[in-house]
Amino acid sequence: MGQCLNVLPDRLMVGQWPLKPLIGVRIPVGQLDMNDAIFLQQAIEKAKESVAKGGFPAGAVVVKDGEVIGEGISIGNILHDPTSHGEMAAIRNACVAMQSSNLSECTLYASMQPCAMCLSASGWASISKIVYACPQEKVAKEYYGGAPVEMVHYETLERASLEVVKGWEDSLQ
């Protein structure tokens, strides 16, 4: 079993501050843990459900202690919601089921390699492991695309925004 660096975009990092780069491990056919295979197959079934409903062919499940606690399909095109990916829906459902945004003892199973948004959400939810079936390089590039975004820092209002942040931080103490 060989390690694969940069399975994900070079600069994409998630996790607790300070951020740390992700390292992927490829598991050869026939060496997948049986439980991982079962849950990954469930994610693929969610992808089939997504297609049947007119969505994108991606699905996901979140598992904790051997039980599915969240599942999702990719129907952003139907909902007119670019965040409605299978992984995002599964994470949202799992957080509701757990009554927490901390999924640190959970595994996300995805039919396709998660995009940057879904990977970031996994990091924010502290998901400890992601297992996926179809790697990004096996499908069309536009599935992982998006338009370039211009980010503008408007310094004139920085202080006003920072006051809100500081006030909120003070209220937590």
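Predicted model, so just to flag it, every value in this text is computed and none were measured. (Residues numbered from 1 in each chain as written. Predicted model: local features only at pLDDT ≥ 70, side-chain atom pairs only at ≥ 80, totals over all residues. Heavy atoms only, no water.)

1. Quick look at the overall build of the chain
Applied cut-off: The secondary structure listing takes helices from DSSP runs of H or I that are at least 4 residues long and strands from runs of E that are at least 2 residues long, numbered from the N terminus. Type-normalised accessible area, obtained with a 1.4 Å probe on protein chains alone, sets the label of each residue: buried when under 20%, exposed when over 50%, and partly exposed for intermediate values. It only takes one pair of heavy atoms within 4.5 Å for two residues to be counted as in contact. Note on areas: Shrake-Rupley with a 1.4 Å probe; residue coverage comes only from the protein chains shown.
Helix and strand counts for the chain come out as five helices and eight strands. Starting at the N terminus and walking to the C terminus, you meet the elements of the chain as β-β-β-β-α-β-β-α-α-β-α-β-α. Taken across its 173 residues, the chain has 33% of its residues classed as buried. Within the chain, contacts between residues separated by at least 24 positions form 51% of all contacts whose residues are at least 6 apart in sequence. Only carbon and sulfur atoms are counted for the fraction: they give 57% of the accessible area of the chain, which is about 11,600 Å².

2. What to know about the packing of aromatic side chains
Rules: Centres within 6.5 Å are what make two rings of Phe, Tyr or Trp a pair, Trp counting through its six-membered ring; a difference in plane orientation under 30 degrees is then read as stacked, over 60 as edge-to-face, and the rest as tilted.
Within the structure shown, the criterion is met by two aromatic pairs. Summarising the aromatic geometry, the rings of phenylalanine 39 and tyrosine 109 are spaced 5.4 Å apart at their centres and angled 40° between planes, so their arrangement reads as tilted. Here the residue phenylalanine 39 occupies a position in helix H1 (residues 34–52), and tyrosine 109 occupies one in strand S7 (residues 106–112), the gap between them amounting to 70 residues. Phenylalanine 39 sits in the buried class, given a relative accessible area of 9%.

3. Looking at the confidence of the model for the chain
Keep this limit in mind: Every residue gets a pLDDT, meaning the predictor's confidence in that residue, from 0 to 100.
For the chain, per-residue confidence averages 85 on the pLDDT scale, and 82% of positions sit at 70 or higher. Confidence drops under a pLDDT of 50 for residues 1–21, and excluding neighbours within four residues, the segment shows 36 contacts in the predicted structure.

4. Overview of the sheet that holds strand S5 (residues 56–64)
Using the following cut-off: DSSP bridges decide pairing: two strands pair if at least two such bridges lie between them. Simply put, an axis is a line fit to the C-alpha atoms, just over the touching stretch for a helix, and the angle between two N-to-C directions goes from 0 to 180 degrees.
In space, the four strands of this open sheet follow the order S6-S5-S7-S8, with mixed pairing throughout. The sheet is open, and its two borders are formed by strand S6 (67–74) and strand S8 (129–134), each paired with just one other strand. Strand after strand, the sheet turns through a mean of 15° between neighbouring axes, direction not considered. H1 contacts S5, S6, S7 and S8 of the sheet and is inclined by roughly 140° relative to S5.

5. Things to note about the nonpolar core
Keep this limit in mind: In this description, a nonpolar core means a group of buried Ala, Val, Leu, Ile, Met, Phe, Trp, Tyr and Cys residues linked to one another through side-chain atoms lying within 4.5 Å.
Ranked by size, the top nonpolar core spans 20 residues in total, and within it Val62, Ile91, Leu103, Leu108 and Ile127 carry the most contacts. Of all the secondary-structure elements, those providing two or more residues to this core are S5, helix H3 (86–98), S7 and helix H4 (116–124). Ranked by the residues each element gives to this core, the list is headed by H3, at five residues. In terms of nonpolar packing, the next biggest core, distinct from the first, is built from seven residues, Leu40, Val63, Tyr109 and Val131 among them.

6. Details of the environment of methionine 98
If you trace the backbone, methionine 98 turns up in helix H3. Residue class for methionine 98 comes out partly exposed when judged on its relative accessible area of 29%. Once the C-alpha coordinates of methionine 98 and glycine 70 are considered, the two residues, 28 residues apart in sequence, prove to be 9.4 Å apart. Sequence-distant contacts of methionine 98, defined by excluding residues within four places in its chain, comprise Lys64, Ile69 and Leu103.

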